[in-house]
Amino acid sequence: MARPEAGRRIRARHAPSPGIIDGVTSIGLEHLARTAYEAHRGAYAEGRPPWEDVTEEEQQAWRAAVSAVAGQTGVTLTDAEPVPVQALLVQAGDQRLSFQAEFVAGRQGALALGDEFASNQHARFQMAHGLWYVKDLGSTNGTWLNGRRIHAPQRLKKGDKIKIGHTVLIVVSA
């Protein structure tokens, strides 16, 4: 049994069976399918719904695809716990805010800005492939990253400056 990081256990065994795998727990399969879907979703500039809003049929298709890929490699995951998510820590003025999951910034949303130059739903912050991205949601005044207006999702890194309306957010860690 391999033990990558504390609190996360992954057991791998080689199995010659191709196709759909019997040994993947429903929790492990669900986690892998969700991770694959979110990576796929993050690769597209136009909006795709979050995992929770996808139809059960589409979720089942993602589970089957992940299971089939694992079967072709000959490795099955029999016990997988969710991978810890890297929080996004931003500073707005003298306030530091931490986010663990996708959120929207604007006059409404998880990051509510009291800025009349921000749109109600101005920008979406989301994670894909373990990295944080920002995407403008068709706002009137645009979303700016390090002085440049963005037109597609952009990866965030420490020190980045995101301008929404007249509000500047600084990425402390991503």
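The text that follows walks through the structure, step by step, so that each part is easy to find. (Residues numbered from 1 in each chain as written. Predicted model: local features only at pLDDT ≥ 70, side-chain atom pairs only at ≥ 80, totals over all residues. Heavy atoms only, no water.)

This brings us to the packing of aromatic side chains. Summed over the entire model, instances satisfying the criterion amount to five aromatic pairs. What links up through ring pairs into an aromatic cluster is the set F99, F103, F125 and W132. (Phe/Tyr/Trp six-rings, centres within 6.5 Å; stacked < 30°, edge-to-face > 60°.)

The next point concerns the nonpolar core. The biggest cluster of nonpolar side chains holds 20 residues, and the ones touching the most others in it are L88, F125, L156, I162 and I164. Elements supplying a minimum of two residues to this core: β3 (88-92), β5 (103-106), β7 (123-128), β8 (131-136), β12 (161-164) and β13 (167-173). Of the residues forming this core, the biggest block, three residues, is contributed by β3. Once residues lying within four places of it in the same chain are set aside, the contact partners of I164 are A105, L113, D115, A118, H122, A123, F125, T143 and L169. By size, the runner-up hydrophobic cluster in this structure holds seven residues, among which are A33, Y37, W51 and V54. (Core = buried A, V, L, I, M, F, W, Y, C linked by side-chain atoms within 4.5 Å. Buried < 20%, exposed > 50% of the residue type's maximum accessible area, 1.4 Å probe, protein only. Helix = DSSP H or I, 4+ residues; strand = E, 2+ residues; numbered from the N terminus. Contact = heavy atoms within 4.5 Å.)

Assignment of secondary structure puts A43 in the loop between α1 (26-42) and α2 (56-73). For the pair A43 and H129, spaced 86 residues apart in the sequence, the C-alpha separation amounts to 9.5 Å.

Only one face of β3 is buried: it carries L88, V90 and A92, and the other face, with L89 and Q91, is open. Where β3 lies against strand β4 (residues 95-99), five bridges are found, and the strand directions are antiparallel. Within β4, the position partnered with Q91 by the bridge is R96. Linking two consecutive strands that pair antiparallel, namely β3 and β4, is a turn of two residues; a positive phi of about 65° is found at G93 within it. For β3 and β13, the ladder comprises four bridges, and the chain directions are antiparallel. Across the sheet, the residue bridging to L89 is S173, located in β13. (Pairing = 2+ DSSP bridges.)

So, about the side chain of D115. In this structure, D115 sits in the loop between β6 (111-112) and β7. Buried charge D115 goes without a salt bridge, the closest partner of opposite sign being R107 at 7.1 Å. A polar atom in the side chain of D115 sits 2.6 Å from the backbone nitrogen of H166. Apart from residues lying up to four places away in sequence, D115 is in contact with R107, I164, G165, H166 and T167. (Lys, Arg positive; Asp, Glu negative; His and termini not counted. Salt bridge = Lys/Arg side-chain N within 4 Å of Asp/Glu carboxyl O. Polar contact = N/O pair within 3.5 Å; in protein donor to acceptor, adjacent residues only side chain to side chain.)

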